[in-house]
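Understanding the architecture of this molecule
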Amino acid sequence: MTVRKITQLTFLVSLSVVLRYLFGPFPNIKPITALFLVIGLQLGLGEAILVANLVMLITGFLLGFGPWILWQMGTYTLVLLFWRVLVCPFTSLFSNSTRIGFQAVLAGLMGMLYGFIISIFSALFYGSSFLPYWLNGLMFDCLHAVSTIMFYPVILSIFRRFYHEEIQ
């Protein structure tokens, strides 16, 4: 890994930590999921997973550390894998004018998928039934999805300007 790549990833981790901390008072309204998805699209799956896992680990020390940090890391890994392997190739079938809007909606669905997967981990850990646990957090998942839809095009446009190239 080059010094430039390490610097780039360090900046993205730092930015994500600050954004997660600043948006802390707003439950599930954070730009980091959109940022992770754009990183996965622009820089690659490995880089996105690395950034997401480091952000969860570092913010765990700032916001509270527990077993849920491992669940967050695992869940973001699964969501990013799903995004990069299944969603990104599918959106390449659309024209540039409709691709960004379609990707934003699918990014919102990744927020819902995140809530679904993390509910599985939580229900298993706390020994409760999955369905009531998931339904109880559905409003938070909807907030996560809406905020991801709103942040995705903004972050994507910033990446496009920064990298001066077309993102898939």
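Residues numbered from 1 in each chain as written. Predicted model: local features only at pLDDT ≥ 70, side-chain atom pairs only at ≥ 80, totals over all residues. Heavy atoms only, no water.

**Structural notes on the overall build of the protein**
Counting its secondary structure elements, the protein contains 7 helices and 0 strands. For a compact globule of 168 residues, the expected C-alpha radius of gyration is about 15 Å, and the protein comes in at 16 Å, within 12% of that figure. Taken along the three principal axes of its C-alpha coordinates, the protein extends 50 × 35 × 25 Å. Put simply, the protein has 168 residues, and 44% of those count as buried. Long-range pairs, those at least 24 residues apart, make up 70% of the contacts in the protein with a sequence separation of at least 6. A total accessible area of about 8,800 Å² is found for the protein, and carbon and sulfur atoms account for 75% of it. Here the protein holds 8 positive side-chain charges and 4 negative ones, and the gap between their average locations is 4 Å. (Helix = DSSP H or I, 4+ residues; strand = E, 2+ residues; numbered from the N terminus. Rg over C-alpha atoms; globule rule 2.2 N^0.38 Å. Buried < 20%, exposed > 50% of the residue type's maximum accessible area, 1.4 Å probe, protein only. Contact = heavy atoms within 4.5 Å. Areas by Shrake-Rupley, 256 points an atom, 1.4 Å probe, with all protein chains shown as cover. Lys, Arg positive; Asp, Glu negative; His and termini not counted. Charge placed at Lys NZ, Arg CZ, Asp CG, Glu CD.)

**Some details on helix H7 (residues 138-163)**
With 26 residues, H7 ought to run about 38 Å at 1.5 Å a step, and its terminal C-alpha atoms sit 36 Å apart, in line with that. Its axis deflected by about 30° at Phe 151, H7 carries its strongest bend there, up to four residues before the proline Pro 153. Looking at the buried side of H7, the elements it contacts are helix H1 (3-22), helix H2 (32-42), helix H4 (68-91), helix H5 (96-126) and helix H6 (130-136). (Expected span 1.5 Å × (residues − 1). Bend = angle between axes of the 7 residues up to and from the residue.)

**So, the packing of aromatic side chains**
Think of a pair of aromatic rings as described by two things: how far the centres are apart, and how the planes are tilted against each other in angle. Counted by the stated rule, this structure contains 13 aromatic pairs. Ring geometry for Trp 83 against Tyr 152: centres 5.8 Å apart, planes inclined by 70°, an arrangement best described as edge-to-face. Of this pair, Trp 83 sits in helix H4 while Tyr 152 is found in helix H7, placing the two residues 69 residues apart along the sequence. For the pair shown, Trp 83 and Tyr 152 are each scored as buried. Ring centres 5.1 Å apart and planes at 80° place the aromatic pair Phe 116 and Phe 130 in the edge-to-face group. (Phe/Tyr/Trp six-rings, centres within 6.5 Å; stacked < 30°, edge-to-face > 60°.)

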